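Residues per chain are reported as follows:
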2 protein chains.
Amino acid sequence: MTVEFISVGTEILLGNIVNTNAAYLSEKCAALGLSCYYQCVVGDNEERLAECLQAAVKRSDFVILSGGLGPTQDDLTKETAAQVMGRKLVMDKHSKDRIKKYFDKLGKEIPDNNWKQAMVPEGGIAIDNDNGTAPGIIIEDGNIHVILLPGPPNELIPMFEKDIIPYIRQFVPGTIYSQTVKICGIGESKAESMVRDLIDGQENPTIAPYAKTGEVHLRVTARAENVKEAKKLLKPMVKELKSRFGACIYSTEDDVTLERAVAELLVANKLTVSCAESCTGGMLAARLINVPGISEVFKSGYITYSNKAKRRILGVKKATLEKFGAVSAATASEMAKGVAVLSKADVSVSITGLAGPDGGTEEKPVGLVYIACKVKGNVTVEEFRFTGNRNKIRESSTAAALGLMRRCVLEYYSKVTFGNGTGEQGRK
Amino acid sequence: MTVEFISVGTEILLGNIVNTNAAYLSEKCAALGLSCYYQCVVGDNEERLAECLQAAVKRSDFVILSGGLGPTQDDLTKETAAQVMGRKLVMDKHSKDRIKKYFDKLGKEIPDNNWKQAMVPEGGIAIDNDNGTAPGIIIEDGNIHVILLPGPPNELIPMFEKDIIPYIRQFVPGTIYSQTVKICGIGESKAESMVRDLIDGQENPTIAPYAKTGEVHLRVTARAENVKEAKKLLKPMVKELKSRFGACIYSTEDDVTLERAVAELLVANKLTVSCAESCTGGMLAARLINVPGISEVFKSGYITYSNKAKRRILGVKKATLEKFGAVSAATASEMAKGVAVLSKADVSVSITGLAGPDGGTEEKPVGLVYIACKVKGNVTVEEFRFTGNRNKIRESSTAAALGLMRRCVLEYYSKVTFGNGTGEQGRK
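Residues numbered from 1 in each chain as written. Chains lettered and ligands numbered in written order. Predicted model: local features only at pLDDT ≥ 70, side-chain atom pairs only at ≥ 80, totals over all residues. Heavy atoms only, no water.

> What exactly am I supposed to notice about the overall build of chain A here?
For chain A, the count of helices and strands is 14 helices and 17 strands. Dimensions along the principal axes, computed over C-alpha positions, put chain A at roughly 75 × 55 × 40 Å. Within chain A, the fraction of its 428 residues that count as buried is 56%. In chain A, of all internal contacts separated by at least 6 residues, the share reaching a separation of at least 24 is 69%. Of the roughly 17600 Å² of accessible surface on chain A, 49% is carried by carbon and sulfur atoms. (Helix = DSSP H or I, 4+ residues; strand = E, 2+ residues; numbered from the N terminus. Buried < 20%, exposed > 50% of the residue type's maximum accessible area, 1.4 Å probe, protein only. Contact = heavy atoms within 4.5 Å. Areas by Shrake-Rupley, 256 points an atom, 1.4 Å probe, with all protein chains shown as cover.)

> In this structure, what is going on with the interface of chain B and chain A? I would like to understand it.
How big an interface is tends to be expressed through the accessible area that disappears when the partners come together. Between chain B and chain A, the contact holds 75 residues from the first and 75 residues from the second. Surface buried jointly by chain B and chain A totals about 5900 Å² across both partners, of which 54% is contributed by carbon and sulfur atoms. Where chain B touches chain A, the interface holds two salt bridges. Between Arg-59 of chain B and Glu-51 of chain A there is a salt bridge; the shortest N-O distance is 2.6 Å. Summed over the shared surface of chain B and chain A, the result is 24 residue pairs in polar contact (both at pLDDT 80 or more). For the side of chain B that touches chain A, the element with the highest residue contribution is strand E2 (residues 35-42) of chain B, accounting for seven residues. Partitioned by chemical class, the residues of the side of chain B that touches chain A number 33 nonpolar, 24 polar and 18 charged. (Buried area = accessible area lost by both parts, 1.4 Å probe. Salt bridge = Lys/Arg side-chain N within 4 Å of Asp/Glu carboxyl O. Polar contact = N/O pair within 3.5 Å; in protein donor to acceptor, adjacent residues only side chain to side chain. Nonpolar A, V, L, I, M, F, W, Y, C, P; charged D, E, K, R; others polar.)

> Is there a simple way to explain the packing of aromatic side chains in this structure?
Aromatic ring pairs are reported here in terms of the distance separating the ring centres and the angle at which the planes meet. Counting across every chain of the model gives 13 aromatic pairs over all chains. On the basis of an interplanar angle of 70° and a centroid distance of 5.7 Å, the ring pair of Tyr-102 of chain A and Phe-103 of chain A is categorised as edge-to-face. Ring centres of Tyr-167 of chain B and Phe-171 of chain B lie 5.1 Å apart, and the angle between their planes is 65°; on these two criteria the pair is classed as edge-to-face. Among the aromatic residues, ring-to-ring pairing joins Phe-62, Tyr-167 and Phe-171 of chain A into one connected group. If you follow Arg-59 of chain A out to its NZ or CZ, it ends over the ring of Tyr-38 of chain A, 3.6 Å from the centre. One cation-aromatic arrangement involves Arg-48 of chain B over Tyr-37 of chain A; the distance from NZ or CZ to the ring centre is 3.8 Å. (Phe/Tyr/Trp six-rings, centres within 6.5 Å; stacked < 30°, edge-to-face > 60°. Lys NZ or Arg CZ within 6 Å of the ring centre and 35° of its normal.)

> Whenever I open this one, the side chain of Thr-252 of chain A confuses me. Can you help?
Residues and elements named next belong to chain A. Positionally, Thr-252 belongs in the loop between strand E12 (249-251) and helix H9 (258-268). Accessibility expressed as a relative area gives 15% for Thr-252, which makes it buried. Not counting chain neighbours up to four residues away, the residues in contact with Thr-252 comprise Gln-179, Thr-180, Val-181 and Lys-242.

> What am I meant to see in the packing of helix H11 (residues 307-314) of chain A against helix H13 (residues 329-343) of chain A here?
Two numbers describe a pair of packed helices, the interaxial angle and the distance between the axes. Residue and element names in this part refer to chain A. Packing of H11 against H13 leaves a shortest axis separation of 9 Å and a crossing angle of 40°. Here H13 runs oblique to H11, going by the angle between their axes. Taken together, the residues of H13 that come into contact with H11 (itself represented by Lys-310, Ile-313 and Leu-314) are Thr-331, Glu-334, Met-335, Gly-338, Val-339 and Leu-342. (Axes fitted to C-alpha atoms, helices over the stretch in contact; angles between N-to-C directions. Parallel < 35°, antiparallel > 145°, perpendicular 65-115°, else oblique.)

> Honestly, the sheet that holds strand E12 (residues 249-251) of chain B in this entry has me stumped. Any pointers?
Within a sheet, each strand pairs with its neighbour through backbone hydrogen bonds, oriented either parallel or antiparallel. Residues and elements named next belong to chain B. Here four strands make up an open sheet; going across it, the order is E10-E11-E9-E12 and the pairing antiparallel. Both outer strands of the open sheet, strand E10 (206-212) and E12, are each paired with one neighbouring strand and no more. Neighbouring strand axes in the sheet, compared pairwise and without regard to direction, differ in orientation by 30° on average. Pairing analysis gives seven bridges linking E10 to strand E11 (residues 215-224), with the strands arranged antiparallel. Of the residues in E11, the one forming a bridge with Tyr-210 is His-217. (Pairing = 2+ DSSP bridges.)

> How do you make sense of the environment of Val-297 of chain A when you look at a structure like this?
Residues and elements named next belong to chain A. Here Val-297 shows up in the loop between helix H10 (283-289) and strand E14 (298-303). Sequence separation between Val-297 and Ala-345 is 48 residues; the distance between their C-alpha atoms is 8.7 Å. Non-local contacts of Val-297, meaning those with residues more than four positions away in its chain, are made with Leu-266, Val-267, Leu-271, Thr-272 and Val-273.

Here you go:
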């Protein structure tokens with residue numbers, strides 16, 4: 001079965017935003033076993049949107065439109081889809097009630113134009129939006145399924161995961177089942193070269209590598225008549241990957257992020273954690289605190305961006321800063337030790353680096369980052385050289401810190417050894 | 001004049017990579033004054049690519065294809081374009097020489113299939129590729145310009161900047177110029193209703209609203225014979241927006257983010273800043289530290305997620321936590337005061353809230369957030385009720401904290417008054 005995406009939004013045509021929704025939907029639909037041959041982007045324009053949708057429903061089983069469901073007059077995806085599919089718009093009482101509740105909760109008056117969001121094409125299915133006011137909509141016409149989703153990723157993604165995936169799944173013949181092997185501490189090229197032979201010879205299951213910041217995900221997908229058969233097909237391949245990547249695999253579960261894997265490792269070992277951040281300025285703590293239940297182990301975080309703060313709060317020595325500089329293994333190490341003393345945490349992590357754009361020298365270029373992790377008495381310091389802009393360097397540093405925490409805790413508590421040649425991405 | 005993009009690549013259809021080329025080309029072409037109404041993505045498939053290209057040359061003046069110019073058999077963009085445009089492929093001697101030189105420089109034998117890259121559709125213009133072996137190609141047919149570019153961004157971008165921009169520029173009459181009015185503290189619906197009359201009557205310039213978390217951007221765009229004329233057309237509209245949104249406008253510059261506007265306000269008033277974060281866990285500090293040069297004013301940040309950390313580090317009173325709870329105006333206020341004492345910063349901000357998913361009660365639901373901002377002796381505390389998942393609530397809280405900091409500093413130092421009915425998004 002085939003799927004096609006139509007992204008609606010002048011802001012994409014103008015290049016104001018990158019179309020990450022299309023990448024997300026492509027990945028998820030491929031995992032569902034749908035083949036995607038076309039994607040397109042049009043603006044908030046009735047005529048051109050209708051033209052694209054007409055072409056799409058002729059050649060694809062599922063057509064997923066995203067964007068243009070907002071309350072403003074610019075937003076006309078629903079109106080256009082209703083017209084192309086020959087439906088009139090009717091008020092959906094359930095959606096109306098939800099919009100009312102949404103604004104009541106905010107303690108605000110409902111702007112008149114928001115009622116437009118409760119209108120649904122006749123016979124269409126309204127899908128609850130837990131993160132906004134625009135419901136999603138499914139219009140069925142024989143074997144054609146037209147699915148309308150809100151544009152903001154924080155609305156689109158939860159709605160797709162909760163309601164659209166189960167909806168699509170009922171129409172896909174046989175079963176497709178996939179498992180993602182999530183790896184940290186190995187770069188994309190290296191990971192790919194480690195599975196090239198498997199990808200070259202693949203039939204069923206297949207392997208697809210996805211590069212994330214500081215991580216590589218290998219999605220293994222099998223097609224079979226039922227889940228049991230598909231799982232049976234997957235098993236030897238996942239086993240093979242486990243033997244190749246060893247301890248660098250942090251999870252094979254869909255909903256386990258790297259920060260959650262680290263948090264669970266800390267909780268399982270009853271280890272408290274604190275961090276001290278310079279260039280990342282809170283990004284590491286913010287990722288850890290995105291894990292619900294982290295309060296059990298998270299003690300405190302310190303953002304010490306200036307040398308003064310590093311000295312005054314963490315007790316980094318003046319002599320260390322003068323001799324080695326703020327971006328050095330010695331400073332990273334003293335920061336980690338300082339935060340351990342301050343917070344009495346079992347595990348303490350520090351990050352100090354040059355995120356740019358200015359301040360780089362030949363000896364210490366932009367992208368140079370030191371990360372230290374202290375587990376009980378053991379301090380490990382790693383040097384990294386990242387590329388990209390300021391934000392990319394900070395994100396890479398944060399991911400690397402999570403990877404280093406994981407490695408240090410595993411090495412200390414589980415006596416796990418990390419294989420040779422599996423050096424951290426960007427490590428010198 | 002119009003432009004349309006066709007991105008060729010199965011890796012985009014599978015969601016393995018995000019289509020950043022399309023965003024780059026969109027932005028550049030918009031700046032050149034071209035209108036883009038369609039973008040599409042197809043795989044390395046002759047039939048479907050031909051279908052898309054045939055549709056594109058019928059409706060657009062410029063059609064830019066990217067990807068599929070490599071040396072492998074999968075790469076068939078050039079062959080398909082030649083066929084659609086009715087040209088045969090001929091060897092281009094200049095390109096052949098360049099490919100030879102490229103491999104000579106690497107000290108490598110030239111693989112046989114690389115000669116394919118020196119073939120150009122008859123009458124086509126080959127564009128040198130300084131970062132790879134595949135030349136770009138321009139095919140002209142009357143007023144239609146079909147431009148083929150290599151897919152890797154590090155080849156596409158330099159080629160576009162060096163040769164394609166000057167090529168396009170000779171055909172574009174007049175100019176397009178736009179300015180973005182960036183607003184914080186007003187929701188999307190409300191902002192849109194405040195400019196509905198302007199949007200209804202718009203011709204030149206036009207207004208387009210873009211919703212961001214905690215912000216709304218209004219892009220005003222004018223077309224004219226030259227930049228001077230376009231700016232003249234923009235001016236009264238931007239002035240009108242300034243009179244309607246007043247102090248809620250934090251910038252009209254493309255490269256000024258909300259955190260940068262706040263940072264510049266602090267630097268301009270020589271005010272140092274520190275923050276104490278609970279539910280956001282470092283996100284506020286991380287956004288501030290994304291501004292290069294923030295070190296001038298950023299003193300320190302404290303992540304106090306647990307009650308114990310709030311008491312021990314910030315000196316929040318046990319009685320306050322017991323009587324009002326961690327998520328309360330009283331706690332937020334004591335956190336801000338505590339961090340001010342600790343860091344001696346002129347401005348101190350605190351965030352405490354319930355980000356969920358668990359822990360909400362009827363009285364204190366998930367999404368309830370208190371933000372306090374202390375400017376010298378003045379403490380302002382605001383209550384917010386946000387919706388969405390854990391991460392969305394945290395992002396909304398961070399944006400609201402930046403907005404509150406801006407407002408408090410402006411009210412204290414510039415005696416600016418924020419108009420009635422322009423309350424913060426989500427404020428109760």
